[in-house]
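What follows is each chain in one-letter form.
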Amino acid sequence: MATPVVGTAQNSDDARAGAFPLTPAQYGIWLAQQLVPEVPFVIAQYVEFRGELDLELLKWASTTAGREFETVLLRLVDVDGRPYQVVDRDLDVPTEVVDLRDESDPRGVAEEWLRRDVEAPVDLMADRLCRIVVLRTGDASYLVYVKAHHIALDGFGAMIIVRRGAELYSRALASRSSGQDGAPPDKPPADLRTLYEKDRQYRASNRFVADREYWSERIRDLPHVDTTEVPPAVRTIRAETDLSDTADVYLSGSPPTRDASSAAVVLAAAACFFSRRSGRYDVLVNIPVSARTTAELRRSAGMLVNVVPLRIRVDPSWATSWEHHMSCRAGPSGTG
């Protein structure tokens, strides 16, 4: 169910004229996608709405937010045999509407539609890298679905765009009901070319060298262990269960966990699980970080996320005592 690009001619001289290289993070995604073309490296989410929804206003808000961050305008082109990126401002930004109200089971059909779309292979050079679809499952029931290839957008950026679209929609509704203009625009995000330049400058800096040395030192004497490689899969296996009252207490920031965040508690639990299954007390967990170290970057989208190795020492004598809770110290504030 991939959507082909409609805009400037693919790989034309005009398109290549505005092209710039992929960041190392993007190029890593590119290589991974080439190795397993049948597995789409995409992120996808939907927001469920119950109540009246102004579809035309939603389309406007989605288009406006997408153009502000440029991600929906991103295309890849071939430049001398290498993938480059270009912001194609002639590319239309549709918000599709799929009306399922006549189906016998609208919600079930919607969920199957979502599953098929998120599992569909993506041709990075020919297909759209982002997609926005509204699935209408009832007279006042909607699923607003956003999908993007990871080469164009990371999870942090996706949430920024969704929040911005919701903000624009709410402001427009408030302005319409009050008869007054909406709130003034916020500070703009960095455009995608600027994000590329900032990443390039960082990687040529002493700060990058220091960050790399820091993380190398963190795992320098980690014992070598055999690993079992898990191949990429099209479909994600998901299991759900209700949390026990005890687990809820630990995750809610209660006294047993002191000042640990819920994320730190989950990481500690995962480390204990991996340690028990492997029989090893040194556990290495790869943690995605937003790599947004300035206010400008924190309001920008794009593909910036990085993965850093968090080394956790599990002491079996602490297993039943939260008095010896785990403390995770953050590394340098760079993208590494």
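Everything that follows concerns the structure shown earlier in this document.
Presented here is a report on the structure given in the accompanying data block. No experiment lies behind these values; they were computed from the predicted model shown.

### A closer look at the sheet that holds strand 4 (residues 82–87)
At step 1: Ordered in space as 1-4-3, the three strands form an open sheet in which the pairing is antiparallel. Edge strands, defined here as strands with exactly one partner in the open sheet, are strand 1 (20–21) and strand 3 (74–79).
At step 2: Note that strand 1 and strand 4 share two bridges and pair antiparallel. Opposite Pro21, over in strand 4, you have Tyr84 as the bridge partner.
At step 3: The strands touched by helix 2 (residues 24–35) are strand 3 and strand 4; relative to strand 4, the strand with the most contacts, the crossing angle is about 120°.

### Observations concerning the packing of aromatic side chains
At step 1: Scanning the entire structure with this criterion turns up five aromatic pairs.
At step 2: On the numbers, 5.0 Å between centres and 85° between planes, the contact of Tyr214 with Trp215 is edge-to-face. Residue Tyr214 shares its accessibility class with Trp215, and that shared class is buried.
At step 3: The positively charged end of Arg82 is found above the aromatic ring belonging to Tyr27, 4.9 Å away from the centroid.

### Observations regarding the nonpolar core
At step 1: If you look at the biggest cluster of nonpolar residues, it comprises 19 residues, and the most contacted ones within it are Trp30, Leu76, Leu124, Leu129, Ile151 and Leu195.
At step 2: At the level of elements, helix 2, strand 3 and helix 6 (192–203) are the ones that each hand at least two residues to this core.
At step 3: Per element, the largest residue contribution to this core is three residues, and it comes from helix 6.
At step 4: Discounting residues that sit within four places of it in the chain, Leu129 has contacts with Leu74, Arg75, Leu76, Leu124, Lys147, Ala148, His149, Ile151 and Ala152.
At step 5: The next biggest cluster of nonpolar side chains, apart from the first, holds 13 residues, and it includes Ile43, Phe69, Leu73 and Cys130.

### Digging into the pattern of salt bridges
At step 1: Under the defined criterion, the tally for this structure stands at 26 salt bridges.
At step 2: Here Glu56 and Lys59 are joined by a salt bridge, their closest N and O atoms 3.5 Å apart. With Glu56 and Lys59 both in helix 3 (residues 55–69), this residue pair falls three residues apart, about one helical turn.
At step 3: What makes Glu56 exposed here is its relative accessible area of 57%.

### Quick word on the environment of Val162
At step 1: Of note, Val162 is situated in helix 5 (residues 155–178).
At step 2: When its relative accessible area of 23% is taken as the criterion, Val162 is described as partly exposed.
At step 3: Taking C-alpha positions, Val162 is 8.2 Å from Ser62, a pair spaced 100 residues apart along the chain.
At step 4: When near neighbours in sequence (up to four residues on either side) are disregarded, Val162 contacts Gln45, Val47 and Val146.

### Concerning the sheet that holds strand 2 (residues 42–50)
At step 1: Strand order in the open sheet made by the four strands is 2-7-6-5, with mixed pairing throughout. With partners counted over all chains shown, the strands left at the sheet margins are strand 2 and strand 5 (95–99), one partner each. Direction aside, the axes of adjacent strands within the sheet are offset by 20° on average.
At step 2: In this sheet, strand 7 (residues 141–149) lies alongside strand 6 (residues 130–138) in antiparallel orientation, the contact comprising eight bridges. Residue pairing for strand 7: Cys130 is matched across the bridge by Ala148.

### Quick notes on the pairing of strand 4
At step 1: Sheet topology places strand 3 next to strand 4; six bridges connect them, and they run antiparallel. Bridge pairing in strand 4 places Asp78 opposite Pro83.
At step 2: Where strand 3 hands over to strand 4, the hairpin turn is made up of two residues, of which Asp80 adopts a positive phi near 55°.

### Notes on the side chain of Thr137
At step 1: Examined against the element boundaries, Thr137 turns out to sit in strand 6.
At step 2: Side-chain polar atoms of Thr137 contact the side chain of Ser141, separated by 2.9 Å.
At step 3: Setting aside its immediate chain neighbours within four residues, Thr137 contacts Arg101, Pro106, Arg107, Ala110 and Tyr142.

### Some points on the environment of Val133
At step 1: When you line up the elements, Val133 lands in strand 6.
At step 2: Judged by relative accessible area, which is 0%, Val133 ranks as buried.
At step 3: The spacing of Val133 and Tyr46 is 87 residues in sequence and 9.2 Å in space, taken between C-alpha atoms.
At step 4: Once residues lying within four places of it in the same chain are set aside, the contact partners of Val133 are Glu96, Val98, Trp113, Leu143, Val144 and Tyr145.

### Thoughts on helix 7 (residues 206–218)
At step 1: The end-to-end C-alpha distance of helix 7, which contains 13 residues, comes to 19 Å, matching closely the 18 Å that a straight helix rising 1.5 Å per residue would cover.
At step 2: Buried residues along helix 7 sit in contact with helix 6 and strand 9 (306–313).

### So, the pairing of strand 7
At step 1: The buried count for strand 7 comes to eight of nine residues, which makes it a mostly enclosed element.
At step 2: Two elements, strand 2 and strand 7, share nine bridges in a ladder whose sense is antiparallel. By the bridge assignment, Gln45 is partnered in strand 7 with Val146.
At step 3: Taken together, strand 6 and the strand that follows it, strand 7, pair antiparallel across an intervening segment of two residues.

Reading guide: rules and limits
Residues numbered from 1 in each chain as written. Predicted model: local features only at pLDDT ≥ 70, side-chain atom pairs only at ≥ 80, totals over all residues. Heavy atoms only, no water. Pairing = 2+ DSSP bridges. Helix = DSSP H or I, 4+ residues; strand = E, 2+ residues; numbered from the N terminus. Contact = heavy atoms within 4.5 Å. Axes fitted to C-alpha atoms, helices over the stretch in contact; angles between N-to-C directions. Phe/Tyr/Trp six-rings, centres within 6.5 Å; stacked < 30°, edge-to-face > 60°. Buried < 20%, exposed > 50% of the residue type's maximum accessible area, 1.4 Å probe, protein only. Lys NZ or Arg CZ within 6 Å of the ring centre and 35° of its normal. Core = buried A, V, L, I, M, F, W, Y, C linked by side-chain atoms within 4.5 Å. Salt bridge = Lys/Arg side-chain N within 4 Å of Asp/Glu carboxyl O. Polar contact = N/O pair within 3.5 Å; in protein donor to acceptor, adjacent residues only side chain to side chain. Expected span 1.5 Å × (residues − 1).

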